[in-house]
Amino acid sequence: MSHDEEEFLKKLMATFKEEADEHLQVISTGLLSLENGLAPPDEKKLIDTIFREAHSLKGAARSVNLKAVQSICQRIEGIFSEWKLENLKLTKELFDLLHSALEAVKQGITAPIEYDKLSQLLDALTGAAEQKKTANPEALLLAEQAHDKTPSPLEKSQTHSEPQQTSCVHPAVNDSFSKNRDKSVRISIAKLNTLFQQVEEMLVIKLLAEQQAMDLKNLFNELESLKKDFQKFIKESQQDKYFFLEGNEKVFEWQKKLFLAFEKQELALKQAGEKALRSMKQGEQNAHLIDSMVDTSLEEMKKILMQPMSTLFDTVPLMVRDLASTLGKEVEVKFSGGAIELDRRVLEQIKDPLIHLIRNAIDHGIESPQERKALQKPSSGTLKIYAIESDGNRVKLSISDDGKGVDVEKVKLAAIAKGLFSHAEIDEMSEESIKRLIFHSNISTAEKTTELSGRGLGMGIVSEKIDNLGGQLEIETEKGVGTTFTLILPLTLSTFRGVHILVSDKHFILPTQNIKRVLRLKNKDVQMAENRETILLDEHLYSYIHLSQLLSIEGKRNDHDFFFALIVKAGEQTMALGADYVFSESEILVKGFEKQSIKLKNIMAATVMERGDVIPILNPSELINNAIQSNHSPTIFAKEAAIRQLARKKDILLAEDSVTTRLLIKNILTSEKYDVRTAVDGKEAFDILQTEKFDLLITDVEMPRMDGFTLTAKVREIESLKNLPIIICSALGSEKDKKRGVELGANAYIDKNSFTQHSLLEAVQKLM
Amino acid sequence: MALQPTPQDLLILNQRAKELAKVNFKENEATNLIEVLFFNLGKEKYGIETIYIKEVFPLKNYTSLPLSPSFIYGVTNVRRKILMIIDLKALFEIDAPTPKENQLIILGQEEMEYALIIDNFSNIEKVSTEKLQTSLSTLTGIRLEYLKGLLLDGSVILDGKKLLKALFLSTNVEDFK
């Protein structure tokens, strides 16, 4: 076979696949509506439509020589024609058979079907068509004849005509549709994408124009100041009485010449300045014009790439049907808002999350018909998928089931079992926060948390995908009533903005949407806590790592005693990443590694700068995950989240005579959002305790006036303070001392010699 | 009267038939020839079929990537398209430095495209596939997987398709190492 021929067949096959997909989609959607029952006239119309689709599919299969697909289609057509003549009884078995036949066709298009399977299917289909009465041969013939006018399959594929062309034979059916079609054309997505990329490339022109306008402005300013200097110089020389010093004739001649030259230069400078001014103004205008033109083109282009939500919904009914029947459940699915249009790229990105949420709803949400009956619910569960537009550029997509809901208690247990939170923490958390825990995408914990909560794996991934789109994910659930997941999504993808940073001598971009703050900090602002570097900011402790360390970039760091910290948020996690310099925040043209499949660690894409250099764009969620993994302590993030959610700040009294120790402990505690009151010795502490209420007492042992042991004993004597948790924190670390402390009524004894932030916080958390 | 070929006609026809047969024979031979672009990696000479090569040009600037495996030399901008540069020397464990004056080969097929960094471009030559040896005694390791054959002078012809496929399959760099 010649190369051209091979190419042609390849192309033909690709066209066929596309066409077949459409036919199959129409048939399966049609079957589903038929199964749900329709008014007789609608039903008849629909049967006509799917009959025609099956017929066209058969013809198309013939043109690419797919015999198996052809025979299956022929049998399906046979069934439909019996159906049209109302010779068939519509049973669930029949629908099952037809769906499995469609599935076989789908497979048959990409790979050969096994012989046994095929013949079995064909027999079943033939059997189904002959199920009732023998077919009326005349009617069958008539039904066939109606389609003789359809273009022959070969013609169709050669002209690449669209499948809907068959509708011209039946103009009555899709009249409104064909009228609309006159006003629109079909363009392949590949072509549109190429065009879109070209338009996106124009962003570079925009950025260049801005840069040029800026350069011209600088040039003008330089010329202006040069001119001023020069004028000043001339003026000064004119006023200087020594300038025209009488005397040597020759010198005087030179002076005159020089002065003339100066004047000429001054004039030239003035003219150059004027030209620069004109260019500058022109440049600014151009930049303005280009700016608005590029923005408009991009905006329009984005609109062209919009597709209705229904393209996403189309595949859902079949999926629901399959899933429900495998799981032995009854599920009815309802849609609304299918007409809302949004960016194709957004649609692509939410396809998986949607499938995931639907699977979860059917698998774990909706109960079996028996269970439902026992609960006095209708035996068939309802899955509602609806989209509504909200505040202009956003769409809310909700997936709602009327199943058993998320069991908050189980989520709690899972979170505790995972060591994410203590019992006390969990009890303090609002129900809302606990529900949100199922989105927790903490690598090791996500699985178990969600598994136990009955929401399958990978909820974290759903959350991450939505996050990457700049969207939000919300959950509403009530035990026994149902669960609703709401995805709040942008209608179009906004232009990518990024922060340009320097790590050692390497340039990177971080997506602006993930950066909460950028700070210039001194090296001493980084504190060690729990064996890891942290940064305290607005009473909040962030884990910190310098990017050069995270990305193992060796080389020169700057010698300054300051650095830049970027507070980066990805998914549910936030941390501080260090950089050596932060240049600017700007619009960036993202270039993917489209034709290269090697996945790079930490890098999501790249951009090309005006000068042509490539700058990698870092992937924030991967960076954070790697940082956590390398620190082997994922819990701090979760704890931060939990502590943030504590309803009320806890009050702690700290009795400690050493100023340093007092400050140290106070810092540790306040960074974890505790309110700390200090006392310089046991006596002062005791006095404070009698007038104010505290949740915890931490005391040193050796103090002037009253020591810690005495304080503990005295506190325990007071009825209202009997249950006040007490931690003794002392350098006296012998077993004897510890024993004494506990005997006197302390709840915990921390040895200052082996004191760590972690052990202190752990004890504090345990006791409250 | 029906047309009958004269003996003279027959002679001409026979000759023509021979001529045609000859042409056919030549064409057959031609299909056994492959066009190969040769280049150097250290002291070794390698070749790749030109049908997999889109272009060759000197590498001007590139950006190295942190934490990437050694066989990824970096990324570069080719007419505003970003391409990953694959270092075959790292892949084949050839211990030789890459000279300053080096070149890039753009290796591609359909939806796949990579840049390969080479020391220098040698020449393009037609090679008969019959002359290719597939005895592999001298080659070891990863190179074996991408081998099309060896020539008598020791140059190694790589299979562009297999190389692209391997790069395609290695969606996870760890698998590749």
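Scroll up a little and you will see the structure.
Residues numbered from 1 in each chain as written. Chains lettered and ligands numbered in written order. Predicted model: local features only at pLDDT ≥ 70, side-chain atom pairs only at ≥ 80, totals over all residues. Heavy atoms only, no water.

(A) A look at the pattern of salt bridges. All names here are of chain A. All told, the structure shown has 24 salt bridges over all chains when counted by the stated rule. Close ionic contact of Arg372 with Asp402 constitutes a salt bridge, the shortest N to O distance being 2.9 Å. Placement of Arg372 in helix H14 (residues 369–374) and of Asp402 in the loop between strand E5 (394–401) and helix H15 (408–417) is noted, with a sequence separation of 30 residues between them. Connected through shared salt-bridge partners, Glu35, Lys92, Asp96 and Arg321 make up one network. (Salt bridge = Lys/Arg side-chain N within 4 Å of Asp/Glu carboxyl O. Helix = DSSP H or I, 4+ residues; strand = E, 2+ residues; numbered from the N terminus.)

(B) Looking closely at unusual backbone geometry. Residues and elements named next belong to chain A. Located in the positive-phi region is Ser504, a residue other than glycine, with phi close to 55°. By secondary structure assignment, the location of Ser504 is in the loop between strand E8 (497–503) and strand E9 (506–511). Note on Ser504: relative accessible area 7%, which makes it buried. For Arg705, which is not a glycine, the phi torsion comes out positive at approximately 60°. (Buried < 20%, exposed > 50% of the residue type's maximum accessible area, 1.4 Å probe, protein only.)

(C) Geometry of the side chain of Glu200 of chain A. Its place among the elements puts Glu200 of chain A in helix H9 (residues 189–239). No salt bridge is formed by the buried Glu200 of chain A. Its closest oppositely charged neighbour is Arg345 of chain A, at 4.2 Å. (Lys, Arg positive; Asp, Glu negative; His and termini not counted.)

(D) A look at the pairing of strand E4 (residues 72–78) of chain B. Residues and elements named next belong to chain B. Counting buried positions along E4 yields 5 of 7 residues, so the element is predominantly enclosed. Alignment of E4 against strand E5 (residues 81–87), held across 6 bridges, turns out to be antiparallel. Each residue of the ladder has a partner; that of Thr76, found in E5, is Leu83. The hairpin formed by E4 and E5 contains 2 residues between the paired strands, and Arg79 there has a positive phi angle of roughly 45°. (Pairing = 2+ DSSP bridges.)

(E) Inspection of the packing of helix H12 (residues 316–327) of chain A against helix H13 (residues 344–365) of chain A at higher detail. All names here are of chain A. Interaxial distance between H12 and H13 falls to 10 Å at its minimum, and their mutual angle equals 30°. Considered as vectors, H12 and H13 are oriented roughly parallel to each other. Crossing hand, H12 versus H13: right-handed. Along its contact with H12, which presents Val316, Met319, Val320, Leu323, Ala324 and Leu327, the element H13 presents Leu354, Ile355, Ile358, Arg359, Ile362 and Asp363. In terms of residue class, the contact of H12 with H13 is built from 10 nonpolar, no polar and 2 charged. (Axes fitted to C-alpha atoms, helices over the stretch in contact; angles between N-to-C directions. Parallel < 35°, antiparallel > 145°, perpendicular 65-115°, else oblique. Left-handed = near helix turned anticlockwise from the far one by under 90°. Contact = heavy atoms within 4.5 Å. Nonpolar A, V, L, I, M, F, W, Y, C, P; charged D, E, K, R; others polar.)

(F) Focus on the pairing of strand E12 (residues 532–537) of chain A. Residue and element names in this part refer to chain A. Inspection of the sheet shows strand E11 (residues 526–529) paired to E12 by 4 bridges, in the antiparallel sense. For Val526, the partnering residue across the bridge sits in E12 and is Ile535. Bridge count between E12 and strand E13 (residues 540–546): 4 bridges; the pairing is antiparallel. Looking at the pairing, Ile535 lines up with Tyr542 of E13. From the end of E12 to the start of E13, which pair antiparallel, there are 2 residues, and Asp538 there has a positive phi angle of about 50°.

(G) Quick look at the packing of aromatic side chains. Residues and elements named next belong to chain A. Taken as a whole and assessed by the stated rule, the structure comprises 9 aromatic pairs over all chains. An angle of 25° between the planes, with centres 4.9 Å apart, marks the rings of Phe313 and Phe335 as stacked. Within this pair, whereas Phe313 is found in helix H11 (residues 310–313), its partner Phe335 is found in strand E2 (residues 331–336), the two being separated by 22 residues in sequence. For Phe313, a relative accessible area of 4% corresponds to the buried category. Seen in terms of ring centroids, Tyr544 and Phe563 are 5.3 Å apart; in terms of plane orientation they differ by 50°. Their pairing is tilted. Pair noted here: Tyr544 is in strand E13 and Phe563 is in strand E14 (residues 562–570), with a separation of 19 residues, a long-range link. Looking at Phe563, the relative accessible area reads 2%, which means it is buried. Against the face of Trp254 rests Lys257, its NZ or CZ located 4.9 Å from the ring centre. (Phe/Tyr/Trp six-rings, centres within 6.5 Å; stacked < 30°, edge-to-face > 60°. Lys NZ or Arg CZ within 6 Å of the ring centre and 35° of its normal.)

(H) Representation of the interface of chain B and chain A. The partner chain A presents 28 residues to the 28 residues of chain B that form the contact. Buried surface at the junction of chain B and chain A, summed over both partners, amounts to about 2400 Å²; 59% is from carbon and sulfur atoms. Ranking the residues of chain B by area buried against chain A places Leu67, Arg80 and Ile82 of chain B at the top, with a combined share of 32%. Put simply, the parts of the chain that give the side of chain B that touches chain A at least two residues each are E4, E5, strand E7 (112–118) and helix H4 (160–169) of chain B. Taken together, the residues that form the side of chain B that touches chain A break down as 15 nonpolar, 8 polar and 5 charged. (Buried area = accessible area lost by both parts, 1.4 Å probe.)

(I) Focus on the nonpolar core. Within the largest apolar cluster, 63 residues are counted, with the highest numbers of intra-cluster contacts made by Ile501 and Leu547 of chain A together with Phe39, Leu88 and Phe92 of chain B. Of all the elements, E14 of chain A adds the most residues to this core, at 5 residues. Apart from residues lying up to four places away in sequence, Leu547 of chain A is in contact with Ile501, Val503, Ser552, Leu577, Gly578, Leu618 and Leu623 of chain A. In this structure, Val316, Val406, Val411 and Ile434 of chain A belong to the second largest nonpolar core, which totals 46 residues. (Core = buried A, V, L, I, M, F, W, Y, C linked by side-chain atoms within 4.5 Å.)

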